[in-house]
Amino acid sequence: AKPAGKTVSASGTVSAVTADSLTVKGKDAEWTFAVDKDTKITMSGATKKTATLKDAKKPAQITEFVKTGDTVTVQYHDGATKHAAEVLVRSSVKK
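Computed from a prediction, not measured in an experiment: that's the story for all the values here.

A. Here's a closer look at the overall build of the protein chain. Per the secondary structure count, the protein chain includes one helix and six strands. Across the 95 residues that make up the protein chain, the buried fraction comes to 26%. The contacts of the protein chain with a sequence gap of at least 6 include a subset with a gap of at least 24, amounting to 53%. Carbon together with sulfur atoms contributes 54% to the accessible area of the protein chain, which is approximately 6,100 Å² in total.

Next up, the structure:
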């Protein structure tokens, strides 16, 4: 079987985020990634929040962690769907 495509990374600013997709605007391109329960979110303070959601028996939604305007690096599988494997939040917008 052929691998799902190599893992590539893209960095930029979040222009849209929903429960199942993430749109990131880079310097000269914009990408939309598919996100799901397998997408790993990495940011400072995320582990605490993930634990809180687990205690509340709520699935962690990407919208709890990633906001429009955040600077992120997305590691994704370069295929038809651009599945986001990991989203690293480098700087988040203060609410």
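After presenting the structure, the write-up continues.
B. Highlighting the packing of aromatic side chains. Applying the stated rule across the entire model yields one aromatic pair. Note on Phe 33 and Tyr 76: the rings are 4.8 Å apart at their centroids and 50 degrees apart in plane angle, and the pair reads as tilted. Of this pair, Phe 33 sits in strand 3 (residues 30-34) while Tyr 76 sits in strand 5 (residues 71-77), and the two are 43 residues apart along the sequence. Residue classification places Tyr 76 among the buried positions, given a relative accessible area of 7%.

C. Expanded view of the pairing of strand 5. Here strand 1 (residues 7-17) runs beside strand 5; their pairing, made up of seven bridges, is antiparallel. Residue pairing for strand 5: Thr 13 is matched across the bridge by Thr 71. Where strand 5 meets strand 6 (residues 83-91), seven bridges bridge the pair, whose relative direction is antiparallel. Following the sheet pairing, Thr 71 is matched in strand 6 by Ser 91. If you look at the hairpin formed by strand 5 and strand 6, you'll find five residues sitting between the two strands, and Lys 82 has a positive phi there, around 50 degrees.

D. Spatial organisation of the confidence of the model for the protein chain. In this model, the protein chain carries an average pLDDT of 84, and 79% of its residues clear a pLDDT of 70 or more. Confidence scores differ between elements of the protein chain, with helix 1 (residues 46-55) showing the lowest mean pLDDT of 68 and strand 2 (residues 21-25) the highest of 97.

E. View of the side chain of Thr 73. Within the element layout of this structure, Thr 73 appears in strand 5. Within the local environment of Thr 73, its side chain forms a polar contact with the side chain of Ser 11, the two groups lying 2.9 Å apart. With sequence-adjacent residues up to four places away left out, Thr 73 is seen in contact with Ser 9, Ala 10, Ser 11, Glu 86, Val 87, Leu 88 and Arg 90.

F. Broad picture of the pairing of strand 6. With three bridges joining them, strand 4 (residues 40-42) and strand 6 adopt parallel strand pairing. Across the sheet, the residue bridging to Thr 42 is Leu 88, located in strand 6.

G. Quick look at the environment of Ile 62. Considering the arrangement of structural elements, one finds Ile 62 in the loop between helix 1 and strand 5. A sequence separation of 41 residues divides Ile 62 from Ser 21, and the C-alpha atoms of the two residues are 8.6 Å apart. Other than its neighbours up to four places away in sequence, Ile 62 contacts Val 17, Thr 18, Ala 19, Leu 22, Val 35, Ile 41 and Val 87.

Parameters at a glance
- Residues numbered from 1 in each chain as written.
- Predicted model: local features only at pLDDT ≥ 70, side-chain atom pairs only at ≥ 80, totals over all residues.
- Heavy atoms only, no water.
- Helix = DSSP H or I, 4+ residues; strand = E, 2+ residues; numbered from the N terminus.
- Buried < 20%, exposed > 50% of the residue type's maximum accessible area, 1.4 Å probe, protein only.
- Contact = heavy atoms within 4.5 Å.
- Areas by Shrake-Rupley, 256 points an atom, 1.4 Å probe, with all protein chains shown as cover.
- Phe/Tyr/Trp six-rings, centres within 6.5 Å; stacked < 30°, edge-to-face > 60°.
- Pairing = 2+ DSSP bridges.
- pLDDT = per-residue confidence, 0-100.
- Polar contact = N/O pair within 3.5 Å; in protein donor to acceptor, adjacent residues only side chain to side chain.

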